[in-house]
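Coordinate analysis (summary)
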Number of protein chains: 2
Amino acid sequence: MVSSFQVFGIKTGLLKPGDNFAEILIDEAKQAGGLLDGDIIVIAESALATAEGAVVRLKDVIPSKEALEYSKKYGIEERLAEVVIQESDSIVGGIPGFLLSMKNGTLLPNAGIDGSNAPPGAVVTLPKDPDKSARKIHDEILLKTGINTGIIVADSRTHAMRLGCSGVAIGCYGMTAVTDERGKTDLFGRELEVTQLAIADSIASAAELTMGEANECTPAAIVRGLSRYLSDESGIEGIEPSKCLFMGVAMKADLSFMKNQL
Amino acid sequence: MVSSFQVFGIKTGLLKPGDNFAEILIDEAKQAGGLLDGDIIVIAESALATAEGAVVRLKDVIPSKEALEYSKKYGIEERLAEVVIQESDSIVGGIPGFLLSMKNGTLLPNAGIDGSNAPPGAVVTLPKDPDKSARKIHDEILLKTGINTGIIVADSRTHAMRLGCSGVAIGCYGMTAVTDERGKTDLFGRELEVTQLAIADSIASAAELTMGEANECTPAAIVRGLSRYLSDESGIEGIEPSKCLFMGVAMKADLSFMKNQL
């Protein structure tokens, strides 16, 4: 039988702090004929963060001395600079309009803070704990409907040496994020060279094709037909910069660890 | 109406040099009910390269002095090292078992040479000109069936700061690879911050979920329902390392150009 799957963009009303995302999903999934066992639900991080109240009103922020310096140096609003500093593990540089942050093991412009789709005068930070949010939504859907799903929290990000953003999974629950095919064989019976597939990132990218960044109000997607990736696993595993092919080469790190990954 | 699309993995027999990929696709598309106008066809680069005869028999290769040195330093077979050197724009380093190449503006282990799924004693290099191959297949399908498609040639690659490989488009024809949403507004009427979406990369990632790297013999996928991305555009635009967020930061390059991209 042909292997196939389907992706449905799920439209909602405008989300606001305090909204129950699981209930909204159960309700709006009717657009895709209702949730089915084995569905994977992809949720845009900005919508999730909004519902979770990760909204900072800039007029409530008092900029630190550091924020004032960055503000001047990179032409970034000083209270926004302060929120970026607070949300970052560290600031590694800046460009006009943006600070470059290290956060949760990756490089992010403005610590992933979204000015787009935030209420006027406010910004939306990344969800505090996307894996935990994914689990909460999974469990609530299971409890209310008896339906078992996989949940991905997705962000749209720039990738090394590629033009344009595509999807990455920043949180997940109830499914395998990265498959490990070490030991599997190729068409001629030899061991595979590419062994780890970023399933959750690929599903996030697929979902993004129906979600959009603009004013479409489509903060989630249902991916149907990939239930083989559902499992009792959870979480997105990060890597060290020195263990990243791109950062590692540019940093001239020892990349011998990659032997077993490529 | 709900926005949705469907992805079908297309199984084939074992491909060999000289096979006509367009004819195979027309024939095997019957698994998805036959090709339809507006379908986007994703083709695995290794299968395309095999059909195009980009297969190098290692016993025909004479290693250079440079190849012998790399072979010793990184424990890589000396004739394979020679093919990697010939296929690379430059060699920027190595790790046990792999040389790290710059090729077509990106960093690739072993210049993208695939040992998996190549005939015994041989390796498959990247297709010579993936954009041209995409156009050839597009035109042949159009000529033989009257059906207009978008074509993507896809590879599975490692991404900065992510665990596992996901899809990237290394060639395309008849569709828009990267959308530019500059000027579009968000839910509150403000200009979007994320403006360029890597549509072709996201479609390649979606397709990869049905294709697999192992012995599944699924070297292509049909993506149905995204005909809005078909256009008279072609090609995948590359970027300079200094203009990449990850490489640029690690290289301490001036990233001010990103102002208009993020």
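The model shown is predicted, which means the values in this text are computed figures rather than measured ones.

Definitions and cut-offs
Residues numbered from 1 in each chain as written. Chains lettered and ligands numbered in written order. Predicted model: local features only at pLDDT ≥ 70, side-chain atom pairs only at ≥ 80, totals over all residues. Heavy atoms only, no water. Helix = DSSP H or I, 4+ residues; strand = E, 2+ residues; numbered from the N terminus. Buried < 20%, exposed > 50% of the residue type's maximum accessible area, 1.4 Å probe, protein only. Contact = heavy atoms within 4.5 Å. Areas by Shrake-Rupley, 256 points an atom, 1.4 Å probe, with all protein chains shown as cover. Pairing = 2+ DSSP bridges. Axes fitted to C-alpha atoms, helices over the stretch in contact; angles between N-to-C directions. Expected span 1.5 Å × (residues − 1). Salt bridge = Lys/Arg side-chain N within 4 Å of Asp/Glu carboxyl O. Domains from an automatic or database assignment. Nonpolar A, V, L, I, M, F, W, Y, C, P; charged D, E, K, R; others polar. Core = buried A, V, L, I, M, F, W, Y, C linked by side-chain atoms within 4.5 Å. Polar contact = N/O pair within 3.5 Å; in protein donor to acceptor, adjacent residues only side chain to side chain. Parallel < 35°, antiparallel > 145°, perpendicular 65-115°, else oblique. Left-handed = near helix turned anticlockwise from the far one by under 90°. Disulfide = S-S within 2.5 Å.

What follows deals with the overall build of chain A. Helix and strand counts for chain A come out as seven helices and 13 strands. The 262 residues of chain A split such that 61% are buried. Counted over contacts in chain A with a minimum sequence separation of 6, partners at least 24 positions apart contribute 59%. Element-wise, carbon and sulfur atoms account for 50% of the exposed surface of chain A, whose accessible area totals about 10600 Å².

On to the sheet that holds strand β4 (residues 90–95) of chain B, then. What links the strands of a sheet is backbone hydrogen bonding, and the strands pair in either a parallel or an antiparallel sense. Residues and elements named next belong to chain B. Here three strands make up an open sheet; going across it, the order is β4-β5-β6 and the pairing antiparallel. This sheet does not close on itself; its edge strands, each paired only once, are β4 and β6 (106–109). Sheet twist, expressed as the average angle between the axes of neighbouring strands with direction ignored, equals 25 degrees. Where strand β5 (residues 98–103) and β6 come together, four bridges link them in antiparallel fashion. Residue pairing for β6: M102 is matched across the bridge by L107. Where helix α3 (residues 65–74) meets the sheet, its contacts fall on β4 and β5, and the angle it forms with β4 comes to roughly 25 degrees.

So, about helix α6 (residues 199–211) of chain A. With 13 residues, α6(A) ought to run about 18 Å at 1.5 Å a step, and its terminal C-alpha atoms sit 18 Å apart, in line with that. Counting buried positions along α6(A) yields 13 of 13 residues, so the element is predominantly enclosed.

Time to look at the pattern of salt bridges. Between side chains of opposite charge, pairing is possible as soon as their charged atoms come close. Residues and elements named next belong to chain A. A full pass over the atoms with the stated rule returns 26 salt bridges over all chains. Across the pair K103 and E87 runs a salt bridge, and its minimum N-O distance is 3.2 Å. On the criterion of sequence distance, the pair formed by K103 in strand β5 (residues 98–103) and E87 in helix α4 (residues 78–87) is long-range, its members being 16 residues apart. Judged on exposure class, the residue K103 and its partner E87 are both buried.

Residues and elements named next belong to chain A. When cut into domains, chain A gives domain 1 (6–53 + 127–261) and domain 2 (55–125). With 13 residues of domain 1 in contact, the opposing surface of domain 2 contributes eleven residues. On the surface where domain 1 and domain 2 come into contact, there are one salt bridge. Close ionic contact of E87 with K128 constitutes a salt bridge, the shortest N to O distance being 3.3 Å. Ranked by residue count, the leading element in the side of domain 1 that touches domain 2 is helix α2 (residues 45–51), at four residues. Split into classes, the residues belonging to the side of domain 1 that touches domain 2 amount to six nonpolar, three polar and four charged.

The next subject is the nonpolar core. With 108 residues, the main nonpolar core has I152(A), I203(A), I152(B) and I203(B) as its most contacted residues. Sequence-distant contacts of I152(B), that is, excluding residues within four places in its chain, are made with I40(B), I41(B), V42(B), I43(B), A169(B), G171(B), C172(B), M175(B), A200(B), I203(B) and A204(B). Core analysis: the second largest hydrophobic core is formed by 24 residues, M161(A), V249(A), L107(B) and L163(B) among them.

On to the sheet that holds strand β6 (residues 106–109) of chain A. Residue and element names in this part refer to chain A. The strand order across the open sheet built from three strands is β4-β5-β6, with neighbouring strands paired in antiparallel fashion. Taken across any chain shown, the strands that pair with only one partner, and hence form the sheet edges, are β4 (90–95) and β6. Averaged over all pairs of adjacent strands, the angle between their axes in this sheet comes to 25 degrees, without regard to strand direction. Contacts from α4 reach β4 and β5, with the element oriented near 15 degrees to β5.

Our focus in this paragraph is the environment of A207(A). Residue and element names in this part refer to chain A. Among the structural elements, A207 can be located in helix α6. Note: C-alpha distance between A207 and E52 (155 residues apart in sequence) is 21 Å. When neighbours within four sequence positions are excluded, A207 is seen to be in contact with V7, V42 and A221.

All right, on to the side chain of R224(A) then. All names here are of chain A. Relative to the assigned elements, R224 resides in strand β12 (residues 220–224). A polar contact of 2.9 Å, which involves the side chain of R224, links it to the backbone oxygen of A32. When residues no more than four places from it in sequence are discounted, the contact partners of R224 are F5, Q6, F8, A32, G34, L35, L36 and D39.

As a further point, take the packing of helix α3 (residues 65–74) of chain A against α4(A). Residues and elements named next belong to chain A. Axis separation between α3 and α4 bottoms out at 8 Å; the angle between their running directions is 120 degrees. Regarding the angle of α3 to α4, the classification is oblique. Taken as a pair, α3 and α4 cross one another with a handedness that is right-handed. Contacts between α3 and α4 involve E66, A67, L68, Y70 and S71 from the former and E78, A81, E82 and I85 from the latter. Classifying every residue of the contact of α3 with α4 by side-chain character gives five nonpolar, one polar and three charged.

For the coordinates displayed, the defined rule picks out zero disulfides over all chains. Cysteine C172(B) remains unbridged, with the sulfur of C165(A) as its closest cysteine sulfur at 18 Å. For C172(B), a relative accessible area of 0% gives the class buried.

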